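Examining the three-dimensional arrangement
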Amino acid sequence: MRIGRIDMAEKNELEFWTSLMTAEMLSAIAVVTFALLKPESLGNLGQFNAIILGVLAFAAIPYFFLTRLHPDPDVYKKTPRELRFKLYPQYMAIIGIATLLFQYLGSPVLVFLGVWLFVTYAAHYLVNFFVKASAHASILTGLVTLYVTAFGPTAGVLYLLVPVSAYMRLKLQAHSIWQIIWGILIGLISALITTLVIPI
C-alpha cells in the first residue's frame, strides 16, 4: 500500500518532518529525556556530561561518519535492502564501542540506551535478509516503549506519533505498509528485550 502522488512543495515539507524522526534525531532525544528525567541512573556522569557524550556517541558520530567519512558517501541515502547490509554493521560497531565506553564510565542509563540501539540495529540486520524494515518506525516505536516502561503508561500517548510517521513515509513512497509493520515489530521487541535484560 502506497499513498498517491505529491508535489515538490509537499514532498519537501514531509521530508522536513520525517527528518525530525530519523534514528539519529530520536537517539539524541532519548539521551536528553532520560538524562533529564532519570538523573539517578546517570551514575558517575552528571546531566551535562551525559547529554553531551550520549548525543555525540549515539547520534552525531554515527551520522557524521555515514554522511561525511564513509567510503561510499551516499550510503546513508541509499534505501535498497541489499545496501543496508553495509549500513547496519557499521551502526552496530559505533554503538557497541560507545556502550562499552559508557559501561567503563559507569553510566547505567547510557548503557541501557546503547544496548537498546544495538539490539534494534542487530534485529534490522537479521530481518534485512528477508525484507527491508522501516528504521523510522522501529526507533520511534522502541523509544515510546522505553518511555512507557520507564515513566509509566501515560507516556503511551506518544504512540500516536507512530501512525503519523508511517503516513509520511508512505506518502513519500519510502516504504510499503509491510515494511512499516516490520519496523514497528522490531521496535517493540527490541525495546522489551532491552528492558528485560537491563531494568532501569
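Now for a quick tour of the structure.

**Examining the overall build of the protein chain**
- Helix and strand content of the protein chain: eight helices and zero strands.
- Within the span of the protein chain, comprising 200 residues, buried residues form 48% of the whole.
- Excluding contacts between residues fewer than 6 apart, the proportion of contacts in the protein chain whose partners are at least 24 apart in sequence is 73%.
- Carbon together with sulfur atoms contributes 72% to the accessible area of the protein chain, which is approximately 10,000 Å² in total.

**What to know about the nonpolar core**
- Counting 41 residues, the largest nonpolar core has F34, F58, F102, L110, L113, W116 and Y121 as its most contacted members.
- Counting residues per element, the ones that place at least two in this core are α2 (23-37), α3 (47-69), α4 (84-105), α5 (108-127), α6 (135-151) and α7 (161-171).
- Here the element with the most residues in this core is α5; it accounts for nine residues.
- Discounting chain neighbours no more than four positions away, the residues touching Y121 are A23, Y88, Y91, M92, I95 and I139.
- In terms of nonpolar packing, the next biggest core, distinct from the first, is built from five residues, A123, V127, V131 and I186 among them.

**Looking at the packing of α6 against helix α8 (residues 177-197)**
- Here α6 crosses α8 at 35°, and the two axes come no closer than 7 Å. As for how α6 packs across α8, the hand of that crossing is right-handed. Counting all contacts with α6, which are made through A137, S138, T141, G142, T145, L146 and T149, the residues of α8 involved are I180, G183, I184, I186, G187, L188, A191, L192 and T195.
- In terms of residue class, the contact of α6 with α8 is built from eight nonpolar, eight polar and no charged.

**Topic: the packing of α4 against α5**
- One can describe the packing of α4 onto α5 by two numbers: an axis separation of 9 Å at closest approach and a directional angle of 160°. The pairing of α4 with α5 is recorded here as roughly antiparallel in orientation. The interaxial crossing formed by α4 with α5 has left-handed handedness. Here F85, Y88, P89, Y91, M92, I95, G96, T99, F102 and Q103 of α4 lie close against α5, whose contacting residues are L110, V111, G114, V115, L117, F118, Y121, A122, H124 and Y125.

**Quick look at the packing of aromatic side chains**
- Counting across every chain of the model gives eight aromatic pairs.
- For the pair F34 and F112, a centre-to-centre distance of 5.9 Å together with 55° between the ring planes defines the contact as tilted. One end of the pair, F34, is in helix α2; the other, F112, is in helix α5, and 78 residues separate them in sequence.
- Take F34: its relative accessible area is 0%, and that puts it in the buried class.
- Residues Y147 and F151 carry aromatic rings whose centres are separated by 5.7 Å and whose planes lie at 45° to one another, so their mutual orientation is tilted. With a gap of four residues between them, Y147 and F151 both fall in helix α6, about one helical turn apart.
- With relative accessibility at 29%, the residue F151 sits in the partly exposed group.
- Pairwise contacts between aromatic rings join F34, F112, Y147 and F151 into one cluster.

**Concerning α7**
- V162, S165, A166, M168, R169, L170 and K171 are the residues of α7 that are buried.
- Directly beyond the C-terminal end of α7, a positive phi value near 60° is found at Q173.

**Considerations on the environment of I184**
- Mapped onto the elements of the fold, I184 is located in helix α8.
- On the accessibility criterion, I184 (24% relative accessible area) is partly exposed.
- Residues I184 and H136, 48 residues apart in the sequence, show an inter-C-alpha distance of 8.8 Å.
- The residues touching I184, leaving out its near neighbours within four places in the chain, are A137, S138, T141 and V162.

About the criteria used
- Residues numbered from 1 in each chain as written.
- Predicted model: local features only at pLDDT ≥ 70, side-chain atom pairs only at ≥ 80, totals over all residues.
- Heavy atoms only, no water.
- Helix = DSSP H or I, 4+ residues; strand = E, 2+ residues; numbered from the N terminus.
- Buried < 20%, exposed > 50% of the residue type's maximum accessible area, 1.4 Å probe, protein only.
- Contact = heavy atoms within 4.5 Å.
- Areas by Shrake-Rupley, 256 points an atom, 1.4 Å probe, with all protein chains shown as cover.
- Core = buried A, V, L, I, M, F, W, Y, C linked by side-chain atoms within 4.5 Å.
- Axes fitted to C-alpha atoms, helices over the stretch in contact; angles between N-to-C directions.
- Left-handed = near helix turned anticlockwise from the far one by under 90°.
- Nonpolar A, V, L, I, M, F, W, Y, C, P; charged D, E, K, R; others polar.
- Parallel < 35°, antiparallel > 145°, perpendicular 65-115°, else oblique.
- Phe/Tyr/Trp six-rings, centres within 6.5 Å; stacked < 30°, edge-to-face > 60°.

That is the geometry; function is a separate question.
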